[in-house]
Amino acid sequence: MNIIKEIKDEIKAAYREPSKRDLNLLALIFLALPSIIGAYLLYWKGSSNGKIWIAIGLALFISRLIPPLFRKIYTIWLSFSIVLGYFVSRLLLTLIFFLVMIPTGLLMRIFAKDPMERKLDPNATTYWQKREQPTDVSVERYQRQF
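A brief structural summary.

Reading the values: rules and limits
- Residues numbered from 1 in each chain as written.
- Predicted model: local features only at pLDDT ≥ 70, side-chain atom pairs only at ≥ 80, totals over all residues.
- Heavy atoms only, no water.
- Phe/Tyr/Trp six-rings, centres within 6.5 Å; stacked < 30°, edge-to-face > 60°.
- Helix = DSSP H or I, 4+ residues; strand = E, 2+ residues; numbered from the N terminus.
- Buried < 20%, exposed > 50% of the residue type's maximum accessible area, 1.4 Å probe, protein only.
- Salt bridge = Lys/Arg side-chain N within 4 Å of Asp/Glu carboxyl O.

A short note on the packing of aromatic side chains
For the coordinates displayed, the defined rule picks out six aromatic pairs. Arranged with centres 6.0 Å apart and planes meeting at 40 degrees, the rings of Trp 77 and Phe 80 form a pair that is tilted. With Trp 77 and Phe 80 both in helix α4 (residues 67–110), this residue pair falls three residues apart, about one helical turn. Judged by relative accessible area, which is 47%, Phe 80 ranks as partly exposed. Ring centres of Phe 97 and Phe 98 lie 5.4 Å apart, and the angle between their planes is 80 degrees; this geometry places the pair in the edge-to-face category.

See below:
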């Protein structure tokens with residue numbers, strides 16, 4: 001399994017020519033998020049690093065005025081998000097498996113719980129479970145399935 005090749009294939013599959021709306025939206029996001037972080041650092045934490053965040057946000061927003069440059073930024077941003085998503089999704093799925101699925105399986109084995117009732121009964125003639133017929137057979141019931 002070649003991770004770099006997989007990520008490159010995902011980037012190629014996800015890339016499409018951005019519309020003007022996509023680029024404008026990304027420019028607004030680039031303005032808003034660093035500005036919010038900068039304002040938080042500057043006004044609530046008293047750190048002068050907030051000015052740097054605000055300057056970065058303004059620079060990225062102003063770069064929208066140079067279309068070839070902003071398209072390159074868009075491509076880099078898209079690639080970064082795919083790489084980040086690749087690793088974060090695998091990390092989250094691994095954590096869920098080890099923190100939820102394994103303990104659940106172990107507890108079910110300890111307490112001999114089998115919700116699918118998979119145990120074989122040599123004396124059983126059938127495994128069919130009889131189901132009661134619904135009392136309400138009106139048309140409204142079938143229209144309201146859930």
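Some thoughts on the pattern of salt bridges
Tallying each qualifying case throughout the model produces five salt bridges. With a shortest N-O distance of 2.9 Å, Arg 71 and Glu 17 are connected by a salt bridge. Within this pair, whereas Arg 71 is found in helix α4, its partner Glu 17 is found in the loop between α1 (3–14) and α2 (20–44), the two being separated by 54 residues in sequence.

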